[in-house]
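# A structural walkthrough
Below are the chains, spelled out letter by letter.
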Amino acid sequence: MSDLTLLTAAESRRALDAREISSVELTNAYLDRIDAVEPKIHSYLHVMTDIALAQAAAADTRIAAGDDVRDLTGVPVALKDILCTTDAPTTAASKILEGYVSPYDATVVAKLREQGAVFLGKTNTDEFAMGSSTENSAFGPTLNPWGENRVPGGSSGGSAAAVAAREAVISLGSDTGGSIRQPAGFCGIVGLKPTYGRVSRFGLLPFASSLDQIGPFTRTVEDTAIMLRSIAGQDRMDSTSAPIDVPSFTEKFGSDLKGIKIGVAKEYSVDGMETGVDAAMQAALKQLQDLGAELVEVSLPHTEYALATYYITAPAEASANLARYDGVRFGNRIEGDDLIDTYMRTRGQGFGPEVKRRIMLGTYALSSGYYDAYYVKAQKVRTLIKQDFDTAFETVDAIVAPTSPTVAFEMGSRTDDPYAMYLADVFTIPANMAGIPGISVPAGFSDGLPVGMQFFAKAFDESTLLGIAHAYEQAAGFYKELATV
Ligand code: GLN
């Protein structure tokens, strides 16, 4: 076979099982590809060359012996550098955790390790997953493999760019307000935020605990199903993980959408939406109808409050979660004159500007006298947002929406205007607020840059979500287009 990096995870599995390729060959193909494109893209903060090759050799032995071969045995994956790993640093792209190695694996990492997956490395992110462009990394930005000087989206921009640039078969990211779906859209690949509670977050460095979810980046919806069933399930280490069965997630794959009702929310058309994105959306809606789906107008009236609600809730929870980085228990410590001075120096020099902004906003929103006016009020509005979806799902199986109002923007174009950066999350945040699953799939191009489209479904109904996404993907065919980096 010529270029092994063209294989999806499902195709890699078949080729490995048929002994057409070995995991060591597959892993070397990715390591070569990483060497070739990293100078241009910078998806990775840490490449795990020796570990990957050892894991690949072990996978080959396991496959040769026919010993417990699973979906991802011998398949190379990349991990967002916010997931704890015992054999590589976990930094959240922050100076405060530079060089930090966790004493335990995140549950998702442990599950992949147990399957015999190969870890290529840890991918770049906005610092502590706060951002939409990966420009907030303390270790330099990632570039979008589709365009000169374009951001890959964020915060999981490294994981998205790695899959789009074929530097990994699959990667994992985290999504608190869109950090999987938005970079997947910007990089022309598939990104899934599972239902809140579907995947254990144990060992995910927390940002906003009531919103964070871990999910996959893949080139196809089939690969998303494979990765989701590999990482999902209840975990006694995360009390928010739900005791719900893990199906194959492919049971609703079919070639048409007859009998399926898809909601189109009238609130999901905003000022500032690019005409190229709108045109791609219109074409996609037509395609869904051609597949037999019935499009139904639905209303999600509280959508306009989602951004404000998120930008109170997420910083408030972040300010509490980030209190642990004080130079005492882990990470870097900058010695001061006394304990308070040590805290101040460590946090003052360890955190970057966006993280400090969030901590200040969140501390303010939680402070005495403001807590009810901000955090409690935000939680009440959040309930209304969730009820909008509950009502809509009484009449439709899924809802369709653009992933972002624009395609990938230019590096540096929004860094001086945090508000403009926040506004771009308008279509992704509501799913986190409601706890429901959302997937972004490639839906065409605007000026040569990928456009992403999202589907949402009821909580824990990823099977319906992936079934619809798969039928659309196969009919539309945009997944076959590859970035030419
Ligand atoms: N862009 C959003 C933020 O900056 C979402 C980030 C995320 O999902 N981790 O908070």
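Above: the structure in question.
All of the points below concern the structure found in this document. (Residues numbered from 1 in each chain as written. Predicted model: local features only at pLDDT ≥ 70, side-chain atom pairs only at ≥ 80, totals over all residues. Heavy atoms only, no water.)

### So, the overall build of the protein
In terms of helices and strands, the protein carries 15 helices and 11 strands. Relative to the 2.2 N^0.38 estimate, which gives 23 Å for 485 residues, the radius of gyration of the protein is 21 Å and therefore close to what a compact globule would have. Judged by the C-alpha coordinates and their principal axes, the protein covers about 65 × 55 × 45 Å. Of the contacts made within the protein by residues no fewer than 6 positions apart, 76% connect residues no fewer than 24 positions apart. Only carbon and sulfur atoms are counted for the fraction: they give 52% of the accessible area of the protein, which is about 17,600 Å². With 41 positive and 61 negative side-chain charges, the protein shows a separation of 3 Å between the mean positions of the two kinds. (Helix = DSSP H or I, 4+ residues; strand = E, 2+ residues; numbered from the N terminus. Rg over C-alpha atoms; globule rule 2.2 N^0.38 Å. Contact = heavy atoms within 4.5 Å. Areas by Shrake-Rupley, 256 points an atom, 1.4 Å probe, with all protein chains shown as cover. Lys, Arg positive; Asp, Glu negative; His and termini not counted. Charge placed at Lys NZ, Arg CZ, Asp CG, Glu CD.)

### What to know about the site of the ligand
Around the ligand there are 15 residues in total, and Ser132, Gly177, Ser179, Tyr310 and Arg358 lie nearest to it. Glycine 131 places a polar main-chain atom, nitrogen or oxygen, 2.9 Å from an oxygen atom of the ligand. Between the ligand and the protein, one listed contact pairs a nitrogen atom with a side-chain N or O atom of serine 132 at 2.8 Å. Taking 290 Å² as the accessible area of the ligand by itself, protein coverage stands at 99%. Along the lines of polarity and charge, the residues of the shell around the ligand split into 5 nonpolar, 7 polar and 3 charged. (Near = heavy atom within 4 Å. Polar contact = N/O pair within 3.5 Å; in protein donor to acceptor, adjacent residues only side chain to side chain. Nonpolar A, V, L, I, M, F, W, Y, C, P; charged D, E, K, R; others polar.)

### Considering helix H11 (residues 353-366)
Across its 14 residues, H11 extends 20 Å between first and last C-alpha, which sits within 8% of the 20 Å expected from 1.5 Å per residue. When we look at burial in H11, the residues that qualify are Glu354, Val355, Arg358, Ile359, Gly362 and Ala365. Projection of H11 onto a plane perpendicular to its axis shows the buried side chains occupying an angular sector of 135°, all on one side. Among the exposed residues of H11, those pointing more than 90 degrees away from its buried face are Pro353 and Met360. (Expected span 1.5 Å × (residues − 1). Buried < 20%, exposed > 50% of the residue type's maximum accessible area, 1.4 Å probe, protein only. Arc of directions from axis to C-beta.)

### What about the nonpolar core?
Side chains of nonpolar character tend, in soluble globular proteins, to be buried together. Ranked by size, the top nonpolar core spans 134 residues in total, and within it Leu112, Phe128, Phe389 and Phe455 carry the most contacts. When residues of this core are assigned to their parent elements, the largest contribution, 7 residues, is made by helix H15 (residues 462-476). Setting aside chain neighbours within four positions, we find phenylalanine 389 in contact with Tyr268, Leu300, Ile399, Pro430, Ala434, Ile436 and Phe456. (Core = buried A, V, L, I, M, F, W, Y, C linked by side-chain atoms within 4.5 Å.)

### Observations concerning the environment of glutamate 98
By the secondary structure assignment, glutamate 98 is in the loop between strand E2 (76-80) and helix H4 (107-115). The exposure class assigned to glutamate 98 is partly exposed, which follows from its relative accessible area of 43%. The spatial distance from the C-alpha of glutamate 98 to the C-alpha of serine 159 is 19 Å, given a sequence separation of 61 residues. Discounting residues that sit within four places of it in the chain, glutamate 98 has contacts with Thr91, Phe139 and Asn332.

### Focus on the pairing of strand E11 (residues 449-456)
Counting buried residues along E11, 8 of its 8 residues qualify, which places the element largely inside the surrounding structure. As paired strands, strand E9 (residues 398-402) and E11 are joined by 4 bridges and run antiparallel to one another. Looking across to E11, one finds that proline 402 is bridged to methionine 453. In textbook terms, the turn of a hairpin is the stretch between consecutive antiparallel strands, and for strand E10 (residues 438-446) and E11 this stretch comprises 2 residues, one of which, aspartate 447, has a positive phi near 50°. (Pairing = 2+ DSSP bridges.)

### Some words on the sheet that holds strand E4 (residues 170-175)
Spatially, 11 strands are ordered E1-E3-E2-E4-E6-E5-E10-E11-E9-E7-E8 in an open sheet, and the strand pairing comes out mixed. The sheet is open, and its two edges are formed by strand E1 (44-47) and strand E8 (294-298), each paired on a single side. Averaged over all adjacent pairs, the angle separating strand axes in this sheet is 30°, with direction ignored. Both E2 and strand E3 (residues 118-123) contribute to a ladder of 5 bridges, which runs parallel. Across the sheet, the residue bridging to proline 76 is valine 118, located in E3. (Axes fitted to C-alpha atoms, helices over the stretch in contact; angles between N-to-C directions.)

Any functional reading would require information beyond the geometric quantities listed.
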